[in-house]
Amino acid sequence: MRFNTIRTGPANGAWPLRPRTPRPVVAGPADPVYNGRMPLKPSAQKVLDALRAAGFENAVVELPDSARTAAEAAAAVGCEVGQIVKSLLFRAEPSGRAVLVAASGRHRVDERAVAAVVGERIGRATPDFVREQTGFAIGGVPPVGHAQPVIAVVDEALLAYERIWAAAGHPHAVFPLTPDELVRMTGGTVARVGLAAAGA
Ligand code: 5CA
């Protein structure tokens, strides 16, 4: 892993102190080294706050490299692309409800399978709809902490991994979690909604 800055908590008096030698450590729950050292970007802090408010202790990690796409995120944290959670927004029709599909990075979403779970037709969200419903911009949409309640569907392929990584509000911010935590924090329905992505 190539983290040169790991920021896992709110600003405190210690800022801008940072570990002198970046260590290849994935900050975990209540990590004694990295928690509280550096201020997170506001959008990542919003995700950290949402996690804490929901009772989750996951760390939020800010990466030096962009993790705007699943491939970039996998390269940045040093995991398989399938371990990256893509948080994709759809719009159910005719209700207009927002549907979040938490898909494995190795999959594209089978929209018919999602429609069957939701019980309505679904269409891809526009960037404006994504921003309005989640409060985040494409590339950093997290699976939690949204502006509006969303219906969630979790790609069952994610359950095969011990640890997965999701976006944390910003293209440079991610957080590690278990599949079980993803299901609990989204209240999502686990379903087979993935099709092999081109090249995956
Ligand atoms: N930070 C990374 C890894 S966690 C991330 O957010 N990946 S993602 O897959 O969840 O978000 C990028 C996704 O946004 C793309 O896969 C694509 O499905 C969607 N997207 C990109 N551009 C648009 C667009 N113009 N309109 C709607 N959706 C888009």
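Remember, it's a predicted structure, so these values are computed and weren't measured experimentally.

Draft legend 1. Main features of unusual backbone geometry. A cis amide bond, omega 10 degrees, links Glu-93 with the succeeding residue Pro-94. Take Pro-94: it is sitting in the loop between strand 2 (84-93) and strand 3 (98-104).

Draft legend 2. Representation of the nonpolar core within the structure. Membership of the largest hydrophobic core comes to 54 residues, with the highest contact counts inside it found for Val-60, Val-99, Val-101, Trp-165 and Val-174. When residues in this core are grouped by element, the largest group, six residues, is from strand 3. Among residues more than four places away in sequence, those in contact with Val-101 are Leu-88, Phe-90, Val-109, Val-114, Val-153, Asp-155 and Val-193.

Draft legend 3. Representation of the environment of Gly-82 within the structure. Among the structural elements, Gly-82 can be located in the loop between helix 2 (70-77) and strand 2. Distance from Gly-82 to His-107, taken between C-alpha atoms, is 7.5 Å for residues 25 residues apart in sequence. Ignoring anything within four residues of it in the chain, the contact list for Gly-82 reads Ser-104, Gly-105, Arg-106, Ala-157 and Tyr-161.

Draft legend 4. Region of interest: the confidence of the model for the protein chain. This prediction gives the protein chain a mean pLDDT of 87; 80% of its residues lie at or above 70. In the model, residues 1-5 has pLDDT below 50 throughout and makes 15 contacts with residues more than four positions away in sequence or in other chains. pLDDT under 50 marks residues 9-35. Its contacts with residues more than four places away, or in other chains, come to 41 contacts.

Draft legend 5. Local environment of the site of the ligand. If you check the shell around the ligand, you find 20 residues, and the closest are Ala-73, Lys-86, Ser-87, Ile-138 and Ala-167. Contributions of two or more residues to the shell around the ligand are made by helix 2, strand 2 and strand 7 (164-167). Sorting elements by how many residues they give to the shell around the ligand places strand 2 first, with four residues.

Draft legend 6. Fine view of the pairing of strand 7. In this structure, strand 2 lies alongside strand 7, joined through two bridges in parallel fashion. Residue pairing in the sheet places Ile-84 in a bridge with Trp-165 of strand 7. Sheet analysis places strand 7 next to strand 8 (residues 173-177), joined by four bridges and oriented antiparallel. Residue pairing across strands places Ala-166 opposite Phe-175, the latter belonging to strand 8.

Draft legend 7. Helix 5 (residues 179-186), seen in detail. Taken as a whole, helix 5 has its buried residues at Pro-179, Glu-181, Leu-182, Met-185 and Thr-186. End-on, the buried residues of helix 5 take up no more than an arc of 155 degrees, which puts them together on one face. Tucked inside the fold, the buried residues of helix 5 contact strand 2, strand 3, strand 6 (151-155), strand 7 and strand 8. Positive phi shows up at Gly-187, right after helix 5, with a value of about 65 degrees.

Draft legend 8. Broad picture of the environment of Glu-111. One can find Glu-111 in helix 3 (residues 111-118). Classification of Glu-111 as partly exposed rests on a count of 17 C-beta atoms within 10 Å. When the C-alpha positions of Glu-111 and Phe-90 are compared, they lie 9.0 Å apart, and in sequence the two are 21 residues distant.

Conventions used here
- Residues numbered from 1 in each chain as written.
- Predicted model: local features only at pLDDT ≥ 70, side-chain atom pairs only at ≥ 80, totals over all residues.
- Helix = DSSP H or I, 4+ residues; strand = E, 2+ residues; numbered from the N terminus.
- Core = buried A, V, L, I, M, F, W, Y, C linked by C-beta atoms within 7 Å.
- Buried ≥ 20, exposed ≤ 12 C-beta atoms within 10 Å, placed from the backbone.
- Contact = placed C-beta atoms within 7 Å.
- pLDDT = per-residue confidence, 0-100.
- Near = placed C-beta within 6 Å.
- Pairing = 2+ DSSP bridges.
- Arc of directions from axis to C-beta.

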